[in-house]
Amino acid sequence: MRFGPEYDPAEHEDDRPTAEPAIRTDLKLIADMIVPGSRVLDVGCGDGALLAHLVHTKGVDGRGIELSMDGVKFCVNHGLSVIQGDADTDLKDYPSDAFDYVILSQTLQAMRAPREVLLDLVRIGKHAVVSLPNFGHWRIRAWLLFMGQMPVTQRLGHQWWNTPNIHLCTITDFVDLCREVGVVIEDTVILDRFDRVRGHGFGGFANFIAEQAVFLLRRG
Amino acid sequence: MCSSECDPAKFMPTEQPALDTATVGADLEHEPRLMLATSRPMPLDCGEQLRSFPVAYRTFGSLNADKSNAILICHALTGDQYVIGRNPVTGKPGWWEIAVGPGRPIDTDRFFVICANALGGCMGTAGPREIDPATGEPYGLNFPVITIADMVRAQKLLVDHLGISQLFAVIGGSMGGMQVLQWASDYPDSVFAALPLAAAPRHSAQNIAFGEVGRQAIMADPDWCGGNYVRQGKRPERGLAVARMAAHITYLSETALQRKFGRNLQDRAGFTYGFGADFQVESYLRYQGNAFVERFDANSYLYITRAMDYFDLAREHGGVLSRAFLHNGRATPVRFCVISFSSDWLFPTAVSREIVHSLNAVAANVSFVEVTTDKGHDAFLLDEPELHQVLSGFLDGCATHRGLPRRRRGLR
């Protein structure tokens, strides 16, 4: 999770941008979808790991929005263009087609109005890259079935009463929403609990075996 | 600005010292001083123009071969060009020693730092205290009313004179931040990065109201003499001191005032049941007022506060602030770093956020940080490690993009 409140600056004492950072597999996967030299907005950019990677290895014109001021300060201190802001309220400021890619990684489920945020993403960006935890994963289904309690997994580590994830969905739910609002899914990559790529596409068993999914989207 | 004067240990007088009017800057040379607009007059927003007027400025560090490492610092209302080093008028260190110098965030080992006394000021640049060449007398109220854009226009002439086609950065707090915004808006090709600190895109009604209290205090002083006090050998010291006292409260936060002074008494065991400075906070404000009149000109105060009142960047662009950041119909190429301070109630974070939203509206390159502090508006001048980290980090990132060497590790 890169969601703001979990960010701890004490974990990030290295002087990141001087060397190519090692980044998480799911972030690397997102980075691979980005064409070098493009204009990128990373919404909920956390400590800027993905943004720094994109700027330094792909030469993108990268910007970020981050809710937590600690995350913002860490990013700006390391030379990244990041503002403190809230995706729920601040995306509407941006003009249409301002970026080639708008990234929302592991954050849509924490938005107050995910549908509107999704529409803003594909409006502002020619493409949007959205990654989501999949609430339809078999372990989560099993947890609820056998324990009768809200699932707590490594990826979704909060209790029901303190989770920032107020709008969790399954891959099927998200695909349905895209269809309903006319967002085109150009690619879907599904990952297992070890962040290993398990295939492309949202059909078949994807909704059962994927712990998270990365979608490449554009407006219809 | 209070800068280092904020420390209550540094003020003591309960009796007000006699002022040494002989040391007031009019007699001092502020070098280097440059005559600008000698061949072509500089137009002013009020419709008048200035010809062959002086600008006093200081530079620190050295300009590199391709003149790409220059940083212009725009000072605040009562600041001056003495950013670092001894100020010849006050005898004190510069007003931003904490952020500027070798190894500091604005590193004079790497950058060529320029700071000019603002137009309308009283430290050597053309202002109401300077001699009007037409009459051979001080301008007084005959000096044309100037605006923030006029100040920036004069700075641009100076920068042109120095042969710098693009400033690496323009940095300033408060009124300096207004100038930064004006620079980025008026000369987007001449500015690589813009850092407005504790700034606002316009003076609010409350800001104007405080400005008016200060001006009325000055004009109510009989020694102001309708603005002609220099010719009559007088100075409206009481009025200017009151203006400074009122303004100074707005530069601090309630928390900081309470923390520093509370209801503590000044060098006395109990109330005197009179109107002396019983409370420390009174003594502190009196000290601030008195120290100020020794270094500042009352008419300059009128002109510069007026320039701030008139500042409204959106107004110049059909009332839409984001249009100030369009360049040839596209987003401004200037990289912004907007910094606000959590306890600043004069130019609060909300107005910095408004600048950020307007920059977003054209998809400009912007960073925005709110520094957490209880020191109020003046925090930008003080020891705020968070601010200095952000300044360093942002300038370093910009240096990389501009092809300048990065900061040497291990310093600071």
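Above this text you will find the structure in question.
This report concerns the structure included in the present document. (Residues numbered from 1 in each chain as written. Chains lettered and ligands numbered in written order. Predicted model: local features only at pLDDT ≥ 70, side-chain atom pairs only at ≥ 80, totals over all residues. Heavy atoms only, no water.)

1. Here's the deal with the overall build of chain B
And then number 1: When you go through chain B residue by residue, the secondary structure sums to nine helices and 16 strands.
And then number 2: For chain B, the C-alpha radius of gyration of 21 Å lies close to 22 Å, the compact-globule estimate for 412 residues.
And then number 3: Based on the C-alpha atoms only, the size of chain B along its principal axes is roughly 65 × 50 × 40 Å.
And then number 4: A buried classification covers 58% of the 412 residues belonging to chain B.
And then number 5: In chain B, 72% of the contacts between residues at least 6 apart in sequence involve partners at least 24 apart.
And then number 6: Split by element, the accessible area of chain B, about 15900 Å² in all, is 52% carbon and sulfur.
And then number 7: Averaged over its 39 positive side-chain charges, chain B has a centre that lies 5 Å from the centre of its 43 negative ones. (Helix = DSSP H or I, 4+ residues; strand = E, 2+ residues; numbered from the N terminus. Rg over C-alpha atoms; globule rule 2.2 N^0.38 Å. Buried < 20%, exposed > 50% of the residue type's maximum accessible area, 1.4 Å probe, protein only. Contact = heavy atoms within 4.5 Å. Areas by Shrake-Rupley, 256 points an atom, 1.4 Å probe, with all protein chains shown as cover. Lys, Arg positive; Asp, Glu negative; His and termini not counted. Charge placed at Lys NZ, Arg CZ, Asp CG, Glu CD.)

2. A short note on the interface of chain A and chain B
And then number 1: Taken together, the contacts link 21 residues of chain A with 26 residues of chain B.
And then number 2: Taken together, the two surfaces of chain A and chain B that pack against each other cover about 1900 Å², and 49% of this comes from carbon and sulfur.
And then number 3: Its largest share of buried area at the contact with chain B, chain A owes to Lys73(A), Asn77(A) and Asp93(A), together 27% of the area lost on that side.
And then number 4: Residue Lys73(A) pairs with Glu386(B) through a salt bridge whose shortest N-O separation is 2.7 Å.
And then number 5: One can count 13 residue pairs in polar contact (both at pLDDT 80 or more) joining chain A with chain B.
And then number 6: Going through the elements one at a time, strand E2 (61-66), helix H3 (69-77) and strand E3 (81-84) of chain A are the ones with two or more residues in the side of chain A that touches chain B.
And then number 7: Considering only residue class, the side of chain A that touches chain B consists of nine nonpolar, five polar and seven charged. (Buried area = accessible area lost by both parts, 1.4 Å probe. Salt bridge = Lys/Arg side-chain N within 4 Å of Asp/Glu carboxyl O. Polar contact = N/O pair within 3.5 Å; in protein donor to acceptor, adjacent residues only side chain to side chain. Nonpolar A, V, L, I, M, F, W, Y, C, P; charged D, E, K, R; others polar.)

3. Some remarks on the pairing of strand E6 (residues 183-191) of chain A
Residues and elements named next belong to chain A.
And then number 1: Note: E6 against strand E8 (residues 212-219), eight bridges, orientation antiparallel. When the sheet's bridge partners are listed, Val-183 is paired in E8 with Arg-219.
And then number 2: The pairing of E6 with strand E7 (residues 197-200) spans three bridges and is classified as antiparallel. Its bridge partner lying in E7, Ile-190 is registered against Gly-199.
And then number 3: Between E6 and the antiparallel strand that follows it, E7, lie five residues; Asp-195 among them carries a positive phi value of about 60°. (Pairing = 2+ DSSP bridges.)

4. Observations regarding the pattern of salt bridges
And then number 1: Within the structure shown, the criterion is met by 34 salt bridges over all chains.
And then number 2: Where Arg196(A) meets Asp192(A), a salt bridge forms, and the shortest distance between an N and an O atom there is 2.9 Å.
And then number 3: In this structure, Lys156(B) engages Asp160(B) in a salt bridge whose closest nitrogen and oxygen atoms are separated by 2.9 Å. Remark: Asp160(B) and Lys156(B) occur in helix H1 (residues 148-161); sequence separation between them is four residues, near one turn of the helix.
And then number 4: For Lys156(B), a relative accessible area of 15% puts it in the buried group.

5. Points about the packing of H1(B) against helix H2 (residues 175-186) of chain B
Residues and elements named next belong to chain B.
And then number 1: The interhelical angle for the contact between H1 and H2, taken along N-to-C directions, is 70°, at an axis separation of 9 Å. For the element pair H1 / H2, the angle class is roughly perpendicular. Two packed elements cross with a definite hand, and for H1 against H2 that hand is right-handed. For the pair formed by H1 and H2, the contact residues are Ile-148, Ala-149, Met-151, Val-152, Gln-155, Lys-156 and Val-159 on the first element and Met-175, Met-178, Gln-179, Gln-182, Trp-183 and Asp-186 on the second. (Axes fitted to C-alpha atoms, helices over the stretch in contact; angles between N-to-C directions. Parallel < 35°, antiparallel > 145°, perpendicular 65-115°, else oblique. Left-handed = near helix turned anticlockwise from the far one by under 90°.)

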